[in-house]
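Descriptive structure summary
Given next are the chains, with one letter for each unit.
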Amino acid sequence: MQTPPTSPSPSLEEVKHAVQAAREEAAAYSGRAQEAWRSMSSLIAPSRESVPIGVLEGEVLDISGLSASVSGMRDFTGIGDRVVIKALDGRDIMAEVVAFKQHCAIVMPYGSMEGIGAGCKVSFSLYDRQQRQKLSGGVLQVNASWVGRVIDPTGRPIDGKGSLLPGGEVQKLHASPPEAATRARLGPRIDLGVKAMNLFTTCREGQRLGLFAGSGVGKSTLLGMLVRSTECDVAVISLVGERGREVREFIEDDLGPDGMAKSVVVVATSDTSALMRREAAYSALAAAEYFRDQGKSVLLLMDSVTRFCQALREIGLSAGEPPATRGYPPSVFSTLPRLLERAGPGPLQKNGQAGQITAVFSVLVEGDDQNEPVADAVRGILDGHIVMARDIAEAGRYPAIDVLKSLSRSVPGCLSSDENALVQKARRILATWGDVKDLVRLGAYKQGADPSADEAVQLGPAIEQLITQRKGETMGLEDCFQALKHVLETGESGEVVPQAS
Ligand SMILES: Nc1ncnc2c1ncn2[C@@H]1O[C@H](COP(=O)(O)OP(=O)(O)O)[C@@H](O)[C@H]1O
Ligand SMILES: [Mg+2]
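Values in this document were obtained by computation on a predicted structure and should not be read as measured data. (Residues numbered from 1 in each chain as written. Chains lettered and ligands numbered in written order. Predicted model: local features only at pLDDT ≥ 70, side-chain atom pairs only at ≥ 80, totals over all residues.)

1. Side note on the overall build of the protein chain
Of regular secondary structure, the protein chain possesses 14 helices and 19 strands. Here the C-alpha coordinates of the protein chain stretch approximately 95 × 85 × 45 Å along the principal axes. Classification of the 501 residues of the protein chain by burial places 41% in the buried group. Of the contacts made within the protein chain by residues no fewer than 6 positions apart, 71% connect residues no fewer than 24 positions apart. (Helix = DSSP H or I, 4+ residues; strand = E, 2+ residues; numbered from the N terminus. Buried ≥ 20, exposed ≤ 12 C-beta atoms within 10 Å, placed from the backbone. Contact = placed C-beta atoms within 7 Å.)

Shown next, in the form of structure tokens:
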């Protein structure tokens, strides 16, 4: 803070001036420090109310399969409450109340049952009613600085990049979807950067799509492409029940540094408990809601909803529910819409704006299994579906999207009449091309018999060529329509220089 003398003996005026400047600088510094402290403490200080008003104690009575009966909890706990079991080796194991039987609460641990024995002490933190509403079922304190990080469903970092700063506000893991009447409408159309989707399943911000595919057909690659090329502020990715090896491959190969830089990835691998796998989906939704409430355009990707439902099935069966459709207890199909409905447009804010969660939920389907109950339920809830087909992948056309079976329900409202005509024409040609393809391959096709078949033979392969896309490639929405127009007019699918319209 010392000002070097400008002359051997400074004048009184100069000294006064220097002192005044130093004072001002000190005041500004102190103001900045106070401001930094205020914002830091709002981020890191636990809120006063999150201290429990008491602790209830019980005891493990018996254990069967994946759940334990606990005494002393019946009158104060409810379904979804979290208790802590003191294991025989002294570890605290978090568990959730999943059912009640006679005088006991049935709990399932978030980790393994190892080290839990009959007689282990169980505790439950009691909060007043208001706090209970806010905290029950678990919360996540999301912070904007989590972007670029990989976390487990409890919000712990698992990427070895050091600790995470918790946010000041809590996000409920099991929050309800926004009220239908206060919810914004779908936003403008969104550029997904993937040609087949931009053209044949054009989407709007806040739309929710299902991605139906078998294993190894190119789901992870497509999801990675979507993160890198979709126009969004932040992406939240939930990996539910993947193998550990796949997680690293997805993050390093499919997302890559560019994708990771705008993503929060929530992971629960296949070896984690059913509760953890279920929570991987809820935590991702909570994180997406945090960014949505800041008015951001969020891309949510979940891989896969099927594994989320399988986790629900394990929990339901352990709680004593009867298996119904394909072993799935009925609660799975009432829980699923509540999860999927949370994605979509956010509530309208005071300024008339709203954040949006545009979502893609992957569903595992093997073969043409129409009776798969999860696929059936998801198809009915979402605003569109993208079907990936093994035979297309086997023919080497990636992304292996079967455009004729894929559909976006918002298309009528988001395409101009010219664009709509282009897409309808391309669909018609692809359908006919599908019918005559085999004949052409066998050399049995006779040109001139049917003009629409002739057109399909001429243009079908070019359209297929157009929607083939390498992993690192991306094409904007307008350019996609330009390219399709070019193909339909000339039958050439080569690189098109986008022109101003
Ligand atoms: N766009 C693409 N371009 C080239 N190859 C692809 C593309 N998408 C998928 N593949 C191939 O398909 C394989 C399986 O893809 P992956 O995304 O891991 O499938 P899934 O997640 O459905 O199991 C990849 O190893 C890759 O060889
Ligand atoms: Mg995969």
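2. Some points on the site of ligand 1
In the vicinity of ligand 1, the contacting residues are Ala213, Ser215, Gly216, Val217, Gly218, Lys219, Ser220, Thr221, Tyr398, Pro399, Arg470 and Lys471. A breakdown of the residues in the shell around ligand 1 according to their chemical character gives four nonpolar, five polar and three charged. (Near = placed C-beta within 6 Å. Nonpolar A, V, L, I, M, F, W, Y, C, P; charged D, E, K, R; others polar.)

3. Digging into the packing of helix H4 (residues 219-229) against helix H5 (residues 244-260)
Running from amino to carboxyl end, H4 crosses H5 at an angle of 5°, the nearest separation of the two axes being 9 Å. When the interaxial angle is binned, H4 and H5 end up roughly parallel. Residues Ser220, Thr221, Leu223, Gly224, Val227 and Arg228 of H4 form the contact with H5, whose own contacting residues are Phe250, Asp254, Leu255, Gly256, Asp258 and Gly259. Residues belonging to the contact of H4 with H5 are distributed by class as follows: four nonpolar, five polar and three charged. (Axes fitted to C-alpha atoms, helices over the stretch in contact; angles between N-to-C directions. Parallel < 35°, antiparallel > 145°, perpendicular 65-115°, else oblique.)

4. A short note on the pairing of strand E6 (residues 121-126)
Sheet topology note: the strand E1 (residues 54-64)/E6 ladder contains six bridges and is antiparallel. Note on E6: the bridge partner recorded for Gly58 is Val122. Summarising the sheet, strand E3 (residues 82-86) and E6 pair through two bridges and their orientation is antiparallel. Each residue of the ladder has a partner; that of Val84, found in E6, is Ser123. (Pairing = 2+ DSSP bridges.)

5. Considerations on the confidence of the model for the protein chain
Interpretation of this model should avoid reading the predicted coordinates in detail wherever pLDDT is low. Taken over all residues, the pLDDT of the protein chain has a mean of 87, while the share at 70 or more is 91%. In this model, residues 39-46 is a region of pLDDT below 50 whose contacts with residues beyond four sequence positions or in other chains number eight contacts. Confidence over residues 496-501 falls short of pLDDT 50; this stretch has seven contacts with residues more than four positions distant or in other chains. (pLDDT = per-residue confidence, 0-100.)

6. Quick word on the sheet that holds E1
Sheets are built from strands paired through backbone hydrogen bonds, the pairs being either parallel or antiparallel. The antiparallel closed barrel is built from six strands, whose spatial order is E1-E2-E5-E4-E3-E6. With strand direction ignored, the average angle separating the axes of adjacent strands in the sheet is 45°. Here E3 pairs with strand E4 (residues 92-101) via five bridges, running antiparallel. From the neighbouring strand, Val83 faces E4, where its bridge partner is Ala95.

7. Concerning the pairing of strand E5 (residues 104-109)
Burial analysis of E5 places five of its six residues in the buried class, which makes it a mostly covered element. Sheet topology places strand E2 (residues 67-71) next to E5; three bridges connect them, and they run antiparallel. Pairing of Ala68 across the sheet is with Val107, part of E5. Where E4 and E5 come together, six bridges link them in antiparallel fashion. By the bridge assignment for E5, Glu96 is matched with Met108. Hairpin remark: E4 followed by E5, antiparallel, with two residues in the connecting loop; positive phi at Gln102, about 50°.

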